[in-house]
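The residues making up each chain are set out below.
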Amino acid sequence: MTVFGFHASHEQIHPRALLDAVVHAERAGFDAAMSSDHFSPWSARQGHSGFAWSWLGAALQATGLPFGVVNAPGQRYHPAVIAQAIGTLAAMYPGRFWAALGTGEASNEHITGDGWPRKDVRTARLRECVDVIRALLAGEEVSHDGLVRVDRARLWTRPEEPPALIGAAVSVPTARWCAEWADGLITVNAPVEHLRRMIDAYRDAGGRGPLHLQVHLSWAPDQAEAEAVAYDQWRSNVFAPPVCWDLDTAELFDAVSADVPLERVTRVVNVSADLGRHVGWLKEYLTLGFDQIALHHVGQQQRAFLDTFGAEVLPKLRTR
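How each quantity is defined
Residues numbered from 1 in each chain as written. Predicted model: local features only at pLDDT ≥ 70, side-chain atom pairs only at ≥ 80, totals over all residues. Heavy atoms only, no water. Axes fitted to C-alpha atoms, helices over the stretch in contact; angles between N-to-C directions. Helix = DSSP H or I, 4+ residues; strand = E, 2+ residues; numbered from the N terminus. Parallel < 35°, antiparallel > 145°, perpendicular 65-115°, else oblique. Left-handed = near helix turned anticlockwise from the far one by under 90°. Contact = heavy atoms within 4.5 Å. Salt bridge = Lys/Arg side-chain N within 4 Å of Asp/Glu carboxyl O. Buried < 20%, exposed > 50% of the residue type's maximum accessible area, 1.4 Å probe, protein only.

Participant: Is there a simple way to think about the packing of helix H1 (residues 15-28) against helix H2 (residues 52-62) in this case?
Facilitator: When two helices pack together, their arrangement is given by the angle between the helix axes and the distance between those axes. Close contact between H1 and H2 brings their axes to 10 Å; oriented N to C, the two are set at 30°. The angle between the axes of H1 and H2 places the two elements in the roughly parallel class. For the element pair H1 and H2, the recorded crossing hand is right-handed. Contacts between H1 and H2 involve Pro15, Leu18, Leu19, Val22 and Val23 from the first element and Trp55, Ala58, Ala59 and Ala62 from the second.

Participant: Looking at this structure, I do not really get the pattern of salt bridges. What am I missing?
Facilitator: Should the charged atoms of two oppositely charged side chains come close, the side chains can pair. What the rule picks out here adds up to 13 salt bridges. Salt-bridge contacts for Asp37 lead to Arg76; the nearest nitrogen and oxygen are separated by 3.8 Å. Taken as a pair, Asp37 in the loop between strand S2 (32-35) and H2 and Arg76 in the loop between strand S3 (67-71) and helix H3 (79-92) lie far apart in primary sequence, 39 residues in all. Under the relative-accessibility criterion, Asp37 is labelled buried at 5%. With relative accessibility at 16%, the residue Arg76 sits in the buried group. Among the salt bridges present, the one from Arg149 reaches Asp145, with a minimum N-O distance of 3.3 Å. The network of salt bridges with shared partners includes Asp37, Arg76 and Glu109.

Participant: Help me understand unusual backbone geometry in this model?
Facilitator: Where the residue is not glycine, phi is negative for most of them; where a peptide bond is considered, it is trans in most cases. Cis rather than trans, the peptide bond between Pro241 and Pro242 has omega equal to 5°. Within the secondary structure, Pro242 is located in the loop between helix H8 (223-234) and helix H9 (243-246). Positive phi values are uncommon outside glycine, yet Arg152 reaches one of about 45°. Along the chain, Arg152 turns up in strand S6 (residues 149-153). A relative accessible area of 58% means that Arg152 is categorised as exposed.

By themselves, these are just geometric observations and shouldn't be taken as functional.
Now the structure itself:
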């Protein structure tokens with residue numbers, strides 16, 4: 001049975017309100033949750049970007065839900081520090097935490113003052129970080145000299161079972177590459193044929209573990225309102241790589257998205273006031289074999305979405 005989760009978007013919602021939302025998500029019938037991990041929002045209109053790792057401890061304590069987070073080690077975060085963060089949460093909440101690892105975006109990583117590497121360098125750097133994190137979670141003392149440097153690091157507090165390290169991908173080649181090291185795959189909603197090619201590439205290359213999907217959606221009782229919410233909050237998020245990787249401030253995202261038409265937003269966000277359409281979209285994703293689907297209502301007000309989807313959408317998906 002597919003697990004349906006709530007995506008906690010730190011870029012859009014104050015962390016206190018986001019904590020309230022995830023507590024409400026559990027009450028409304030959601031099975032799990034996942035969190036973004038950004039330093040900067042994608043737009044000044046979004047207006048927030050709380051520290052995910054502080055929030056995750058509070059959210060795990062406040063609910064009984066399993067949680068994941070999407071993280072980019074290597075520049076803003078040293079991999080030994082991320083290993084410690086992962087290890088501590090997994091030790092405190094056994095079996096309830098996983099981390100997805102990706103190469104990141106300049107909008108978050110530029111804050112270190114270091115240059116933003118080419119994609120091939122970022123990929124190689126992530127692979128080194130994965131090896132460092134796995135070794136530390138396994139109890140090894142790690143020293144490493146490469147694109148990241150580590151000197152005699154050791155985790156003194158570790159979980160009995162290391163949590164899953166999931167590969168984050170949006171392209172077929174990256175999905176295939178993740179099969180080399182990941183305990184599962186996570187991606188975002190896209191045309192079904194593209195998602196199928198990604199899954200096939202991952203599995204054909206020997207990829208193991210669960211398949212996760214994050215679904216961006218906008219729902220409101222009125223179609224015009226659903227469209228307005230999506231356009232206001234997510235039109236800066238329509239750009240494919242490398243644009244979304246390489247722009248480095250919310251102000252730049254706002255500038256380049258100033259004239260984006262609504263129809264472009266609806267290519268990346270499932271926008272409808274019709275709950276039946278949302279059920280139909282989600283059933284299509286279910287046919288691809290995703291083990292966990294995290295729903296991200298791109299609006300800043302979450303309660304009506306949580307109540308409505310918990311009562312009227314999730315039950316229809318669980319009786320398939």
